[in-house]
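Close look at the chain arrangement
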Amino acid sequence: MRFRLTRRRLLAGALAAGAGLLGAGTWIDMRYVEPQWLKETRVNVRLPGKTLSRPVRVLHLSDLHASGHVPMAYIEKAIKRGIAHKPDLVCFTGDLINRHIPDRKRYAAALRLLSDGCPCYACAGNHDGGSWARAIGGYAGLDETLGLLDDANIRMLFNASETVSLDGVLVELIGLGDYWANDTRPEKAFPHKENQEESPRIVLSHNPDSKGLLRDYAWDLMLCGHTHGGQLSLPLVGTPFAPVRDHRYVYGLNPWEGRWIHTTSGVGNLHGMRLNCRPEVAILDIS
Ligand SMILES: [Fe+2]
């Protein structure tokens with residue numbers, strides 16, 4: 001049988017080749033480009049009704065997920081890019097690890113670069129230890145992650161609060177336990193439901209879905225991670241894989257009942273993939 005190269009066959013062949021190339025390009029981007037294609041995101045946050053003698057710069061880091069898919073050299077690069085913005089305060093919102101700490105000494109030394117410059121605080125993520133982490137073969141409790149943070153001079157607020165003075169500017173930080181680990185206890189974390197102080201109240205909570213538990217408490221800004229910005233963002237579909245119920249808070253600065261929620265896409269990833277969803281270090285200028 002003779003094969004005739006018609007215009008229609010030529011077009012079909014070109015389309016198939018194009019689709020193949022596009023597919024291969026998407027795969028290369030998803031696996032080898034975007035997971036470490038770090039961006040720096042600047043966000044201005046205005047807190048009405050609060051008095052700050054000067055703006056405060058917060059470096060918001062989350063979901064570093066140190067693991068085989070997120071090498072220490074990349075994490076060190078992200079930390080140095082954050083430090084270059086000279087933050088007043090660093091806030092980690094969970095998931096420093098995947099299941100286990102891959103290289104505690106090197107990781108602590110990298111994190112210490114941050115705490116050498118300014119106060120650093122953290123809250124727990126579902127991967128850091130606890131009932132959820134144990135179920136996937138991770139740490140049954142938070143002791144190992146707390147040990148890493150201790151070595152790095154970073155304070156974890158686990159259902160606890162602390163007022164921090166940033167060159168005379170007071171900020172009240174509230175850190176919550178993880179929502180998926182069923183550890184979120186606002187009644188323990190908040191010193192009072194109301195905030196009679198002039199200073200802003202910033203909540204560190206890994207999972208933005210936890211906001212429903214905080215409705216009756218006074219706070220101004222909640223910092224979250226967990227979603228990885230959706231990690232895979234599909235054209236026309238969006239972020240179907242974001243592990244949250246409320247998809248309005250998958251990424252960025254968004255209002256909620258008169259307050260702000262900032263969800264960062266985070267530094268690391270799970271399974272070595274990102275698509276249309278770059279990792280970031282987020283710099284928040286709060287005024
Ligand atoms: Fe995460």
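Located above this text is the structure these notes cover.
Residues numbered from 1 in each chain as written. Predicted model: local features only at pLDDT ≥ 70, side-chain atom pairs only at ≥ 80, totals over all residues. Heavy atoms only, no water.

**Topic: the overall build of the chain**
Assigned secondary structure in the chain consists of 6 helices and 12 strands. Counting only C-alpha atoms and orienting by the principal axes, one finds that the chain spans roughly 85 × 40 × 35 Å. Split into buried and exposed, the 287 residues of the chain put 53% on the buried side. Relative to all contacts within the chain whose residues are 6 or more apart in sequence, the contacts with residues 24 or more apart total 72%. If you average the places of the 34 positive and of the 30 negative side-chain charges in the chain, the two averages end up 12 Å apart. (Helix = DSSP H or I, 4+ residues; strand = E, 2+ residues; numbered from the N terminus. Buried < 20%, exposed > 50% of the residue type's maximum accessible area, 1.4 Å probe, protein only. Contact = heavy atoms within 4.5 Å. Lys, Arg positive; Asp, Glu negative; His and termini not counted. Charge placed at Lys NZ, Arg CZ, Asp CG, Glu CD.)

**Thoughts on the coordination of the iron ion**
Surrounding the iron ion are the protein donor atoms Asp63 (OD), His65 (NE2), Asp95 (OD) and His228 (NE2), at 2.1 to 2.3 Å. Donor residues for the iron ion sit on one chain with the sequence pattern D-x1-H-x29-D-x132-H. You can see Asp63 sitting in the loop between β2 (56–61) and α2 (72–83) and its partner His228 sitting in the loop between β9 (221–224) and β10 (252–256), a full 165 residues away along the chain. (Donors = N, O, S within 2.8 Å, 3.2 Å for Na, K, Ca; no water.)

**A word on the pattern of salt bridges**
Using the criterion set out here, one finds 11 salt bridges in the structure. The salt bridge partner of Arg215 is Glu257, with a shortest N-O separation of 3.0 Å. You can see Arg215 sitting in the loop between β8 (201–204) and β9 and its partner Glu257 sitting in the loop between β10 and β11 (259–263), a full 42 residues away along the chain. A salt bridge links Asp246 to Arg248; the nearest nitrogen and oxygen atoms lie 2.8 Å apart. On the accessibility criterion, Asp246 (15% relative accessible area) is buried. Among the residues examined, Arg248 registers a relative accessible area of 55% and is labelled exposed. One network of salt bridges, in which partners are shared, links Arg42, Arg57 and Asp285. (Salt bridge = Lys/Arg side-chain N within 4 Å of Asp/Glu carboxyl O.)

**Side note on the sheet that holds strand β1 (residues 39–45)**
Strand pairing in a sheet relies on backbone hydrogen bonds. The paired strands run either parallel or antiparallel. Overall, mixed pairing links the 6 strands, which are arranged β1-β12-β2-β3-β4-β5 in an open sheet. Strands with a single pairing partner mark the edges of an open sheet, and in this sheet they are β1 and β5 (155–156). With 5 bridges connecting them, β2 and strand β12 (residues 280–286) associate as antiparallel partners. Within β12, the position partnered with Arg57 by the bridge is Asp285. (Pairing = 2+ DSSP bridges.)

**So, the side chain of Arg201**
Tracing the backbone shows Arg201 in strand β8. Residues within four places of Arg201 in sequence aside, it is in contact with Glu172, Ile174, Phe190, Pro191, His192, Lys193, Glu194, Asn195, Ala218, Trp219, Asp220 and Leu221.

**Side note on the sheet that holds β8**
Read from one edge to the other, the open sheet built from 6 strands follows the order β6-β7-β8-β9-β11-β10, with strand pairing classed as mixed. Edge positions in the sheet fall to β6 (160–166) and β10, since each has one partner strand and no second. For this sheet the average axis-to-axis angle between neighbouring strands, irrespective of direction, equals 25 degrees. (Axes fitted to C-alpha atoms, helices over the stretch in contact; angles between N-to-C directions.)

**A look at the layout of surface pockets**
Roughly 260 Å³ of internal volume is contained in the largest pocket. Looking at the largest pocket, it is lined by 17 residues, and the ones nearest its centre are His228, Gln231, Phe241, Pro243 and Leu270. (1 Å grid on protein atoms, 1.4 Å probe; cavity = no way out; pocket = protein on both sides within 12 Å on 5 of 7 lines; lining within 4 Å. Points joined across faces, edges and corners; volume = space filled by probe spheres on them.)

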